[in-house]
Amino acid sequence: MAQRTLASILAVALVAVIAAGWPSASAVGQVAGTFRTPLGGEPATLDPYFSVDSSSGPLTALMYTTLVAFDSGGRLVPAGARSWDISPNGLIYTFHLRDNVKFHGGRKVTAADWKWSFERMGDPTLKALVADVVLSGVTGYDAYQKGAAEIAGLKVVDPQTLQLVLNPSHRGGFLNRLAYYAAVVLDKDVVEKGGKGWFGTRDAGSGPFIFKEWVHNSRITLAGDPNFAQGPPKISRLELPIVTEASTQLSEYVSGQLDLVQVPLADFQRIKADPVLSKELFVAPRAQILFLGLNARVYEAFKDARVRRAIAMAIDRAKIAQTVFFGFYRPANSIVPPGIPGFYADYKGLPYDPAQAKKLLEEAGVAGKLPPLRIAMNPFTPIAQMAGEPIVAMLRANLGLDAQLEKTEFSNFIASLNKRTVYQSFLTGWSADYLDYSDYLDLLLDSRSVLDRVNYNNPEFDKLIDQANAAPTESRRIEIYHKAEALAVQDAQFVPLFFSQFAMLKKPYVQGLETTPMLSGWLPFTRVSVQK
C-alpha cells in the first residue's frame, strides 16, 4: 500500500509535467532482470478455476500450464502436451504429455494429475465457473454432475498419455476450449493441504512463473521458473503492482516505474503526437466486445423485450465511437468480435432509431413511467465511464429515462456481477479467453452458464447452442452460431456497443514481447528480456 501511496503522489506531481510535454525517463529502482506491468484491480481469487476476470485471468496464464495453447498468430500449439492424435471419427483425443513438466514444488506432472485436476474442476460441489466450458464435451461429464464416481471419458493410458473421449452432442470447439487459460493442471498436494484459500500463499502450477508474494491491494510478485519445461523465462522477476487508475499507470510508466502499460484512450492522441512516446506506442488487434447488460431479474421492466430493444435503439454507438473514442473503437452490431473465427461481419444488428425506441416504450405501456435506472460501471479501466456518460445522456434525451452511473471497487464489481441479482444494468467488456465462438455465446448467454450475468433465458437460443456444439463440421457450427447470435441481439438483454483494440506503451529496452488478441494482449512473457 505504501508503494501505491508514493505512486499517487508521483502521479499528481507529474500532471503538470505531462501537460508541458513528456519527459524522458530511465527506469526507477528496477532490479536487474525484473519486468514490471500493472494489474488494473485486486484479483478476486487466484484459483484458476474461478479466475474469470481481467486481473486473475492473466495471472493464471503466467503460473499454470494448459495442454495446448494459442501462439501470437492464433494458431494452436503444444503446451503441456507435446503432441496429440485425433481418431478418424473425431471423438477420441490422445495427448502425449511432455516428460519434463514439473510442478513448482518439484514433482513431475503426470496424466493422473490431469485427470485429478479436470475432475476437481468438474466437481459439482465446487461449482467452478469454467467447468462447463472445458469439460461439457467429454463423455461422462453429465453423469459426473449427477454423482458418478469419475468422468468416464477422461482416461489415464499411462503416466505420460491422457485420453479424452468426446460426447458427439457437445464436441464443438474442443481443442480451442482446452486452450482456455483456465484449463490447467494443478498440484493436488498444494490444493488439498492448503485448504479453502490454498492460493493465497503459493501456487499449484507448472507454468513459466512462480508465485512469490501477494500484498493485497498493492502488488503481486512472481519469479521465473528456471525449470519451466519449454525453457526458463529470460526475466527472473515479474512485478505486477495493482494500479487501479489508468492515469496513474501512465504516470508511473512515464516516470520509469513500469515497463508496459495499456494506454488510456483519453491520452492516445497526445501520446501519438509525442516525439518520444510515439516511438514506444503500438496498436494490436483485440478480441473484445464492450456491452451494456440489462438484467431483467433486478429491473422489472426489462422482462419485456420491447423495453430492452428501446434501450438498445436509443444509443447512438457510431456517434460515441467517433466522438468519444475518435474512431479507435468501432461500433458493434454483433456480439462476437473480429479475431474470432467465423466473425459475423455482415450482420447489421439493431439500428440507432430513437423514434422507434419511443414507439416501443409506448407499445409496452411504460413510456414516461420507467423507474430510475442505475448503470454499474466496470472500474478496471476508464472505458466504461467514457462510454457511460454519453449513453446516460442519450437515454435521458431520447427516452426521458432517469439513468445514472454508479462506480465501485473492481473486486466488488466482479463479485456483484457473479451474484447476478445486484445490478439493474452494467457496462463492461468481455475479452477472449480462447479464440472460439463458444467463449462468448455459450459462456455469456446460455441460460445454463454460471456466467450468464444478464440472466438471459431463451430456450430457442439454448437449443441453437446445443445444435452448434453437435454440428459435424466447423462451417455448419458457425452457421448455427450466427442464428443464435442474431436472436440474442434482437432480444437485447446483452446490448453490443463497441469492438476495441489494444493500445500499449512498451519501453525500448523490453525485447521479445509477444501479443495476442486474448486477455490483456500479451502472451506469458517467456521470451521477454530487459536489455539495459
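Further up the page is the structure itself.
Position labels on residues start from 1 in each chain and follow its written sequence. Per-residue local features of the predicted model are confined to residues with pLDDT of at least 70, and side-chain atom pairs are confined, for both listing and counting, to 80 or more; whole-chain, interface and lining totals are unaffected and use all residues. Only hydrogens and water are set aside; all other atoms, that is, all heavy atoms of the structure, feed into the side-chain values.

Caption draft 1: Spatial organisation of the overall build of the protein. Comment: elements are numbered from the N terminus, with helices defined as DSSP H or I runs of at least four residues and strands as E runs of at least two. Looking only at helices and strands, the protein features 17 helices and 19 strands. The atom set for the radius of gyration is the C-alpha atoms, and the globule formula is 2.2 Å times the number of residues raised to the power 0.38. For 532 residues, the compact-globule estimate of 2.2 N^0.38 gives 24 Å, and the C-alpha radius of gyration of the protein, at 23 Å, lies within 12% of that figure. Dimensions along the principal axes, computed over C-alpha positions, put the protein at roughly 65 × 60 × 40 Å. Partly exposed describes any residue whose relative accessible area lies between the buried limit of under 20% and the exposed limit of over 50%, with all areas from a 1.4 Å probe on protein chains only and scaled to the type maximum. The burial tally for the protein puts 59% of its 532 residues in the buried class.

Caption draft 2: Examining the pairing of strand β4 (residues 81-86) more closely. With five bridges connecting them, β4 and strand β5 (residues 92-97) associate as antiparallel partners. The partner of A81 across the bridge, within β5, is L97. Two strands make a pair as long as DSSP finds a minimum of two bridges between them. Counted between consecutive antiparallel strands, the loop separating β4 from β5 contains five residues, among which G90 sits at a positive phi close to 75 degrees.

Caption draft 3: Seen up close, the nonpolar core. Side-chain atoms within 4.5 Å are what join buried Ala, Val, Leu, Ile, Met, Phe, Trp, Tyr and Cys residues into a set we call a nonpolar core. In this structure, Y180, L222, L395, L441, L445 and F525 are the most contacted members of the largest nonpolar core, which totals 179 residues. In this analysis, two residues are considered to be in contact whenever any of their non-hydrogen atoms come within 4.5 Å of each other. Not counting residues within four places of it along the chain, the set of residues in contact with L441 comprises I335, V336, D446, F461, I465, Y481, A484 and E485.

Caption draft 4: Layout of the pattern of salt bridges. We count a salt bridge whenever a side-chain nitrogen from Lys or Arg sits within 4 Å of a carboxyl oxygen from Asp or Glu. All told, the structure shown has 22 salt bridges when counted by the stated rule. Between R120 and D47 there is a salt bridge; the shortest N-O distance is 2.8 Å. Here R120, found in helix α3 (residues 111-122), pairs with D47, found in the loop between β1 (34-36) and α2 (56-63); they are 73 residues apart in sequence, far enough to count as distant. Exposure class is identical for R120 and D47. Each is buried. Between E213 and R219 there is a salt bridge, with its nearest N and O atoms 3.4 Å apart. The class for E213 is partly exposed, based on a relative accessible area of 30%. Relative accessible area serves as the criterion here: at 25%, R219 is assigned to the partly exposed category. Through salt bridges with shared partners, a single network forms among R107, D113, D187 and D189.

Caption draft 5: Seen up close, the sheet that holds strand β9 (residues 219-224). Ordered by their spatial adjacency, four strands build an open sheet running β1-β10-β9-β8, and the pairing between neighbours is mixed. Each edge of the sheet is formed by a strand with only one pairing partner; in this case those strands are β1 and β8 (209-215). Taking each pair of neighbouring strands and ignoring which way they run, the sheet shows an average axis angle of 20 degrees. Sheet analysis places β1 next to strand β10 (residues 237-241), joined by three bridges and oriented parallel. What sits directly across from T34, in β10, is R237. Fitting a line to C-alpha atoms yields each axis, with helices limited to the stretch in contact; the angle taken between N-to-C directions then spans 0 to 180 degrees. Most of the contacts of α2 go to β9, to which it runs at about 15 degrees, and overall it touches β8, β9 and β10.

Caption draft 6: Spatial organisation of the sheet that holds β5. Spatially, four strands are ordered β4-β5-β7-β6 in an open sheet, and the strand pairing comes out antiparallel. The sheet is open, and its two edges are formed by β4 and β6 (154-158), each paired on a single side. Shown here is a sheet whose adjacent strand axes are inclined to one another by a mean of 25 degrees, direction ignored. Here four bridges tie β6 to strand β7 (residues 161-165), and the two strands are oriented antiparallel to one another. Paired with V156 across the strands is L162, a residue of β7. Strand contacts of α3: β5, β6 and β7, with the helix running at about 170 degrees to β6, the strand carrying the most contacts.

Caption draft 7: Structural detail: the packing of aromatic side chains. Whether two aromatic rings pair depends on their centres lying within 6.5 Å, for rings of Phe, Tyr and Trp, where Trp uses its six-membered ring; planes under 30 degrees apart make the pair stacked, over 60 edge-to-face, and the rest tilted. Within this structure, the stated rule accounts for 23 aromatic pairs. For the ring pair F291 and F494, a centre distance of 3.9 Å and an interplane angle of 15 degrees mean the geometry is stacked. In this pair, F291 sits in strand β12 (residues 281-294) while F494 sits in strand β17 (residues 494-506), placing the two residues 203 residues apart along the sequence. Judged on exposure class, the residue F291 and its partner F494 are both buried. Measuring from ring centre to ring centre gives 5.9 Å for F328 and Y329, while their planes differ by 35 degrees; the resulting arrangement is tilted.

Caption draft 8: Layout of the side chain of S425. Position of S425 among the secondary structure elements: in strand β16 (residues 425-431). Given the relative accessible area of 0%, S425 is considered buried. At 2.9 Å, the side chain of S425 and the backbone oxygen of R374 are in polar contact. Setting aside residues up to four positions removed in sequence, S425 forms contacts with L292, G293, L294, F302, L373, R374, I375 and A376. Counted as a polar contact is a pair of N or O atoms within 3.5 Å, where, for protein atoms, one must be capable of donating a hydrogen and the other of accepting one, and residues adjacent in sequence contribute only when both atoms are in side chains.

Caption draft 9: Here's a closer look at the pairing of β8. Where β8 and β9 come together, six bridges link them in antiparallel fashion. Bridging across to β9, V215 finds its partner in R219. Counted between consecutive antiparallel strands, the loop separating β8 from β9 contains three residues, among which N217 sits at a positive phi close to 60 degrees.

Caption draft 10: Fine view of the environment of I335. Here I335 shows up in the loop between β13 (330-331) and α12 (354-364). In this structure, the C-alpha to C-alpha distance between I335 and L126, residues 209 residues apart in sequence, is 30 Å.

Caption draft 11: How the structure looks around helix α14 (residues 410-419). Inspection of α14 places F410, F413, I414, S416 and L417 among the buried residues, and these make up the whole buried set. Seen from one end, α14 has its buried residues packed into an arc of 165 degrees, which puts them on one side. At its buried positions, α14 is contacted by β14 (373-377) and β16. Phi turns positive, to about 70 degrees, at R420, one or two residues after α14. Picture the helix axis, draw a direction to every C-beta atom, and the arc is the one those directions span.

Caption draft 12: Molecular detail of the environment of F502. By secondary structure assignment, the location of F502 is in strand β17. Taking the relative accessible area as the measure of exposure, F502 reaches 0% and is therefore buried. Taking the C-alpha atoms as reference points, F502 and Y141, separated by 361 residues in sequence, lie 37 Å from one another.

Caption draft 13: Representation of the packing of helix α16 (residues 459-470) against helix α17 (residues 474-491) within the structure. The interhelical angle for the contact between α16 and α17, taken along N-to-C directions, is 165 degrees, at an axis separation of 8 Å. Accordingly, the angle class assigned to the pair α16 and α17 is roughly antiparallel. The hand of the α16/α17 crossing is left-handed. Of the residues in α17, those touching α16 at E460, F461, L464, I465, Q467, A468 and N469 are R477, I480, Y481, K483, A484, L487 and A488. Residue classes in the contact of α16 with α17 are distributed as nine nonpolar, two polar and three charged. Any angle that falls under 35 degrees is termed roughly parallel, while one over 145 is termed roughly antiparallel, one within 65 to 115 roughly perpendicular, and all others oblique. Helix crossings are classified by the rotation of the near helix relative to the far one: an anticlockwise turn of less than a right angle makes the crossing left-handed, while a clockwise turn makes it right-handed. Each residue gets one label: Ala, Val, Leu, Ile, Met, Phe, Trp, Tyr, Cys and Pro are nonpolar, Asp, Glu, Lys and Arg are charged, and the others, such as Gly, are polar.

All quantities given are derived from atomic positions and should not be read as evidence of function.
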